[in-house]
Amino acid sequence: MTFANGPEELLGPADMANISGLDFMQGILDGRLPAPPIARTMGYHLHAVAEGRVAFRGTPTFDVCNPLGAVHGGWYGTLLDSAMACAVQTMVPQGAAYTTLEYKINIIRSIPTGTEVECVGIADHVGRSTGVAHGEIRGVADGRLYATGSTTCIVLNIPRG
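Here the structure is a predicted model, which is why all the values come from computation and not from measurement.

Moving on to the packing of aromatic side chains. One pass over the full model with this rule turns up one aromatic pair. Ring geometry for Tyr-44 and Phe-56: centres 5.4 Å apart, planes at 90°, overall edge-to-face. Within this pair, whereas Tyr-44 is found in strand β1 (residues 44–50), its partner Phe-56 is found in strand β2 (residues 53–58), the two being separated by twelve residues in sequence.

Here's what the structure looks like:
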């Protein structure tokens, strides 16, 4: 996976207007398009893409812990936001994109640092103006549930220019 190192490496609106959401996500997965820098910063990567479904995998390190030494809730939230919103993105047509309006997470239990997890986002509905999705974080080795989430995204038309 290749990460963007500067804003000039990310697709601009004109490029985004000519690709479907599924093609965009598949392009990141297969390395044709750069992965967003947040994934490098937070220590996770895109693992699988299908229409309406996206999976990320990551292993939290001490660098994402709170002052008590536990994985920070923001790590859970960022991972869930990425998976759920990208699941919505896989269902938007060419000339459209998404952005998160709101999301909610429920942390079930603490993820031990060094534990590889998979976060799956599944789109429940994607229409002309909104998308709704849910997700969960589970341990890769044992399937243990660590957190769940839900999101509402706005679907935006990208002006062709």
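Resuming the write-up.
Two strands pair when backbone bridges link them, and β1 and β2 are joined in this way by six bridges, in the antiparallel orientation. Each residue of the ladder has a partner; that of Ala-48, found in β2, is Ala-55. Between β1 and β2, which pair antiparallel and follow one another directly, the connecting turn spans two residues, one of which, Gly-52, has a positive phi of 80°.

Next up on the list: the nonpolar core. Among the nonpolar cores identified, the biggest contains 43 residues, and Phe-56, Trp-75, Leu-79, Ile-111 and Ile-137 are the most heavily contacted of them. Looking at this core, the element that brings in the most residues is helix α4 (residues 73–89), giving ten residues.

What follows deals with the sheet that holds strand β6 (residues 145–157). Strand pairs in the sheet, formed through backbone hydrogen bonds, run parallel or antiparallel to each other. With antiparallel pairing, the six strands of this open sheet are ordered in space as β1-β2-β4-β5-β6-β3. The strands lining the two open edges of the sheet, one partner per strand, are β1 and β3 (96–107). Averaged over all neighbouring strand pairs, the angle between strand axes comes to 20°, with direction disregarded. With nine bridges connecting them, strand β4 (residues 117–126) and strand β5 (residues 130–139) associate as antiparallel partners. Paired with Glu-118 across the bridge in β5 is Arg-138.

The next subject is the environment of Ala-48. One can find Ala-48 in strand β1. Between the C-alpha atoms of Ala-48 and Glu-9, which are 39 residues apart in sequence, the distance is 22 Å. In contact with Ala-48, not counting residues within four places along its chain, are Leu-29, Arg-53, Val-54 and Ala-55.

Attention now goes to α4. The α-helix advances 3.6 residues per turn, and as a result positions three or four apart in sequence lie on the same side. Taking 1.5 Å of rise per residue, the 17 residues of α4 would be expected to cover 24 Å, and the 24 Å separating its terminal C-alpha atoms lies within 8% of that figure. Of all 17 residues in α4, 13 are buried, a share of seventy percent or more.

Structurally, Arg-57 can be placed in strand β2. A distance of 3.0 Å separates a polar atom in the side chain of Arg-57 from a polar atom in the side chain of Glu-118. Not counting the four nearest positions on each side in its chain, Arg-57 is found in contact with Tyr-44, His-45, His-47, Glu-116, Val-117, Glu-118 and Val-140.

Those residues of helix α2 (residues 21–29) that fall on the buried side of the exposure criterion are Gly-21, Phe-24, Met-25, Gly-27 and Ile-28. Axial view of α2: buried residues confined to an arc of 155°, hence all on one face. The inward-facing, buried residues of α2 abut α1 (13–16), β1 and α4. The first or second residue beyond α2 is Gly-31, which carries a positive phi of 90°.

The sites that UniProt annotates as "domain: Thioesterase" (unreviewed entry) are residues 69–138. Span residues 69–138 is 24% helix and 44% strand, its end C-alpha atoms 20 Å apart.

The rules behind the values
- Residues numbered from 1 in each chain as written.
- Predicted model: local features only at pLDDT ≥ 70, side-chain atom pairs only at ≥ 80, totals over all residues.
- Heavy atoms only, no water.
- Phe/Tyr/Trp six-rings, centres within 6.5 Å; stacked < 30°, edge-to-face > 60°.
- Helix = DSSP H or I, 4+ residues; strand = E, 2+ residues; numbered from the N terminus.
- Pairing = 2+ DSSP bridges.
- Core = buried A, V, L, I, M, F, W, Y, C linked by side-chain atoms within 4.5 Å.
- Buried < 20%, exposed > 50% of the residue type's maximum accessible area, 1.4 Å probe, protein only.
- Axes fitted to C-alpha atoms, helices over the stretch in contact; angles between N-to-C directions.
- Contact = heavy atoms within 4.5 Å.
- Expected span 1.5 Å × (residues − 1).
- Polar contact = N/O pair within 3.5 Å; in protein donor to acceptor, adjacent residues only side chain to side chain.
- Arc of directions from axis to C-beta.
- UniProt positions renumbered as here; feature names shortened; annotations may be inferred.

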